[in-house]
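Observations on the three-dimensional arrangement
Each chain is listed here by its residues.
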Amino acid sequence: MMIGNNGWMQRVVVGIFWGAIVSIAGAEVVINEFMAVNSTLTDVRPTPAVNIYTLIDGEPVYADWIELYNDSSSPIDLEGWALTDNPDDPFKWLFPAGASISAHGDLRVWASNKDEDKYGYPFVDDQGDWHTNFELSRSGEYLALVRPDGVVEQEYNDYPRQCGLVSYGMDTGGLEGYLNEVTPKAANSGRYSGWVEPVQFDRDHGFFERSFNLTLSCDTSGAQIRYTLDQSLPTATHGTVYSGPIQIEQTTCVRAVAIKENWLSSEVTTQTYLFLEEIVTQATHATNGSQVTPSGYPNRWTGTDGDYQVDPDITDPDGLFGDVYAAGFIDDLRDIPSISVVVPIDDLFGSTGIYVNQSQDGTERAGSVELLDPNGLESFTLNCGVRMQGGASDVEGGTTLNRWKCKKLSLRLMFRGFYGGRLDHAVFGSDAADAFDTLVLDSRPQNSWLHSDPIQRMRGEYVRDQVASNTQLALGSTACHGRPFHLYLNGLYWGLYWMHERPDAAFAASYLGGNKDDYDVIKHVWYNAIDGDNSDYLAMFDISPTSPDPVTAFERLQAKLDVPDFIDYMITNYYLGNGDWDHKNWYATHNRFDPNGRWRWHMWDGEHVMGTDKPESSWFARPDNTGYRITSRAPTGLHWDWIDNDEYRLLFADRVYQHCFNDGPLTPENFTTLFNDLTDQIDRAIVGESARWGDYRRSVPYTRDLDWLTECNRLRTDFIPGRRDLVLAQFMGIAGDYPKNPAWYPDIDPPDFMIDGVVQHGGQVALDAQLSVNPKVYTVVLMTQDGTDPRLPGGAVNSDSVEVYVRPITLTHSVTIKARTYTSGGQWSPLHAATYGVTPVTDNLRITELMYHPAVDDTEFIELQNIGNQTLELTNVRLTRGVDFDFTGWALAPGEVMVIVEDEAAFAAQYPYFSGILAGTYSGRLSNGGETLELRDALDQVVQSFAYEDDWIPSTDGDGYSLVVVDPTGPLDDWNRALGWQASSNVGGSPGVVD
């Protein structure tokens, strides 16, 4: 991309409001154009004209890119030159040997973040282009071209935020800006004068009872605002020109854009204003109660009548069930937050609309999504892609959106650069991801009131799929978080939906680490790699369970598969009686670069769980001729390959015991709680679903009280109470039609643990408490106190650590006890492991002082105090976030303080008179900008978790003063607030001294 011959033969310093670009005198090679927000466009309709990608292993990759231009009349050898996005690392990515750029020629490099330790150097794609080890920031950052001697040839000191599919660089006059055209392999054109700021709304989206006037504004002087009220996208040529306040009298989706000549138009902003009184009579004739088709919508969808009505049998006081639900219906709509999705009507219901045309499955339309919380606690508005969800591109899986099996369809929301980037919002709370590439709005079509099968309609309780994922989460594995919302589609109430994650590469990276490009992801069937490839997956299935011996074989499996996690996944499916698995409905992920990134499976589409109380339900709905569902190269196939291996089978038993006993998640009490937690979330919201879709399959609508509660109570009384024992009997081969050989779960029970004569599985105990075990009918209990298993691989006794239980043990410190019963015939029971915390650490240990940004390097410290009235024993107490430290071996007397430090030698030099308790050196460093610290006790309970900020007290941010807690005995939330802290009285703080 040439800028002309006059741009770079002299020193150029150009400053405009976005930032500055600097070139040294006589610069020859320049960063002429770059794109920081490229985007996958294959599925977008209509496909944008800009479609720039490269190929890696035959697949299109839409990476950021940087194009250089040689402004001289001679070719230039680029070996040793560098590109960087970090001024402190000028040689971040070096051009390799042989790199050159021809006279008046250009060279494109893809900024795709190809880590050299993972992908090698230089990484070259199918088209022979190089890829850097960094990517470009959407929000703006530094970018430079550096000569081999370290001199900066050219730098963008702080380029501005970038717009999707718009390139940035130099126009024909050498001025920096957003370019009018994306011009790969061609001369640059002109530039935009700037990017118009977004339209501001003086009323945020939400719920309204009275009409109001809406005022729009834009901070860019001279910009014109256009808006639409019909869900279409406003543009420079479409929409009403804003000239004054807009009167909002009814449910309205307002979409607005700001435009200015030769400026990039602002992003479209959408705000939905809901009038719930209007929803009560949505699409209903005022006199006869029949459906009225909303303006602009079709009377018929492809192959079926349109369905838009909110049923007056529910919402009208004179309706069939109006005396039960009408008075509280609006409150039911406000009982949970709502999601508003806005897409042009034709893109949903037109001739090529994605909602009504199965031929459009897999394609995507531009839209927006908003979260509307009646309580005002959370909110977001973001442009996104919208597509249908349900098997469009699946291989041997998915329902395919079989219109019109069900008129209430699921949607998938796509967040990427083309629309505005990822969704940055902790939708599912602080324990889940807080940024998303994809989310699913699940209509729950199976086992619902909309299904064509009357048995499935009778089973409509709307939580099964999330029960499946939450069960896997409860067992400690990685699964999709989910949450119910009312959905409004273009302002029309569309029913109760569950928003949940999709376990693709981005999901795996969020929870398991690394980058999404690091992951292989298999969906439904072994040859369907939706990310990466399946070579390592197949290699895992090729491992022999017996060769060269069972122990070595099992070690080889563990190198490929997270075996405990996999077993927990299998237990989840067996316990729930998953009847539509595993010929489909599963995801498996694997980080191919992380040695610990072994294969893991994730629950998906578990709508056919808990379907029956029949014993054989554990073994699926479609058994093969042996009586079992066994699918080659799928979870059941792998499990059956390995169940004869003694190591795998005993680990399976260990995990079953851990989850099914001793207050585990699959005990009847805890599983009931899990189920009730989900049904409680929709206890009132289900009335909205009843009003919107309860009459879809019959004239008398399905209702909360008569139908939903009946099914919920059936599961509570008929399925859950006996489910654990039934599944255990099947695991032992003593129940069901198909006994197993060998039994997966032994008939040898592990011992019970007792504290001072009372059964107690772990937890807090008093100092010097007496731990005893109940060997039941077996004569030998073998146990350890050092965290190791009494049994060694292969079945031998762990003689280095094991002790034969003879008499009670006095607990003088926190400890993890592991025990198995052992028969004279060499048989082992499942493992019973429990941790006992001695002394109340959680109540009484507090962080009281932080030197997070000292004036002298390497002299950070953290002070902790025992605020209680008894000595705290600190075995297995750990700092696990921010910095890492294990306090094992230490104890603190009442009121006593201790210090841990960044560097003991530096600390000693800075504090030569320190005479307190110095417990040691932590791993890592405290962030000068603030971060979260987390302290956990021996039971892995959070003692403290708080985030400090560097702007709370300026003198503590590098001026030598420390942060000191105002009240060490105060409420824990004080540690998260500036008012909970004060600066130390003296420079250097007061480590080891009670303030």
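Residues numbered from 1 in each chain as written. Predicted model: local features only at pLDDT ≥ 70, side-chain atom pairs only at ≥ 80, totals over all residues. Heavy atoms only, no water.

1. A short note on the confidence of the model for the protein
Per-chain confidence: the protein averages 92 in pLDDT, with 93% of residues scoring 70 or above. Between residues 1-25, whose pLDDT stays under 50, and residues either more than four places distant or in other chains, the model counts 97 contacts. Note on residues 619-626: pLDDT is under 50 here. Beyond four places in sequence and across chains, it has 22 contacts. (pLDDT = per-residue confidence, 0-100. Contact = heavy atoms within 4.5 Å.)

2. So, helix α9 (residues 505-512)
For α9, every residue scored as buried is listed here: Ala505, Ala506, Phe507, Ala508 and Ala509. Residue aspartate 504 occupies the N-cap position of α9, its side-chain oxygen lying 3.4 Å from the main-chain nitrogen of alanine 506. (Buried < 20%, exposed > 50% of the residue type's maximum accessible area, 1.4 Å probe, protein only. Helix = DSSP H or I, 4+ residues; strand = E, 2+ residues; numbered from the N terminus. Polar contact = N/O pair within 3.5 Å; in protein donor to acceptor, adjacent residues only side chain to side chain.)

3. Description of the pattern of salt bridges
Here the structure, examined in full by the defined rule, presents 41 salt bridges. A salt bridge links arginine 147 to glutamate 28; the nearest nitrogen and oxygen atoms lie 3.7 Å apart. Residue arginine 147 is found in the loop between β14 (143-146) and β15 (152-156), and its partner glutamate 28 is found in the loop between β2 (19-23) and β3 (29-35); the two are separated by 119 residues along the sequence. Given a relative accessible area of 28%, glutamate 28 falls into the partly exposed group. Linking arginine 936 and glutamate 934 is a salt bridge whose minimum nitrogen-to-oxygen distance equals 3.0 Å. Here arginine 936 matches glutamate 934 in class, with each residue buried. Through salt bridges that share partners, Arg459, Glu461, Arg464, Glu711 and Arg714 make up one connected network. (Salt bridge = Lys/Arg side-chain N within 4 Å of Asp/Glu carboxyl O.)

4. Some words on the sheet that holds strand β38 (residues 519-523)
Where strands meet in a sheet, backbone hydrogen bonds hold them as pairs that are either parallel or antiparallel. Strand order across the open sheet formed by four strands is β39-β38-β40-β41, with antiparallel pairing between neighbours. Bordering the open sheet on either side are β39 (529-531) and β41 (600-603), each of which pairs with just one other strand. Across the sheet, the mean angle separating the axes of adjacent strands is 30° when strand polarity is ignored. Relative to strand β40 (residues 586-591), β38 is paired through five bridges, and the arrangement is antiparallel. Bridging across to β40, valine 521 finds its partner in threonine 589. Sheet strands in contact with helix α12 (residues 563-576) are β40 and β41, and its direction is about 25° off that of β41. (Pairing = 2+ DSSP bridges. Axes fitted to C-alpha atoms, helices over the stretch in contact; angles between N-to-C directions.)

5. So, unusual backbone geometry
Here tyrosine 121 and proline 122 are connected by a cis peptide whose omega angle stands at -15°. Mapping proline 122 onto the fold places it in the loop between α1 (116-119) and β12 (123-124). Along the chain, tryptophan 581 connects to aspartate 582 via a cis peptide bond; the corresponding omega equals 5°. Along the polypeptide, aspartate 582 turns up in the loop between α12 and β40. At histidine 104, a residue that is not glycine, the phi angle is positive and equals roughly 50°. On the secondary structure map, histidine 104 appears in the loop between β10 (100-101) and β11 (106-111).

6. Observations regarding the pairing of strand β46 (residues 781-784)
Within a regular strand, side chains alternate between the sheet's two faces. Alternating residues of β46 divide into Val781 and Met783 and Leu782 and Thr784, and every residue in both groups is buried. As judged from the four bridges shared by β46 and strand β49 (residues 815-821), these two strands associate in the antiparallel manner. Note that in β49 the partner of methionine 783 across the bridge is alanine 819. Pairing between β46 and strand β47 (residues 803-804): two bridges, direction antiparallel. Across the sheet, residue methionine 783 finds its bridge partner in β47, namely glutamate 803.

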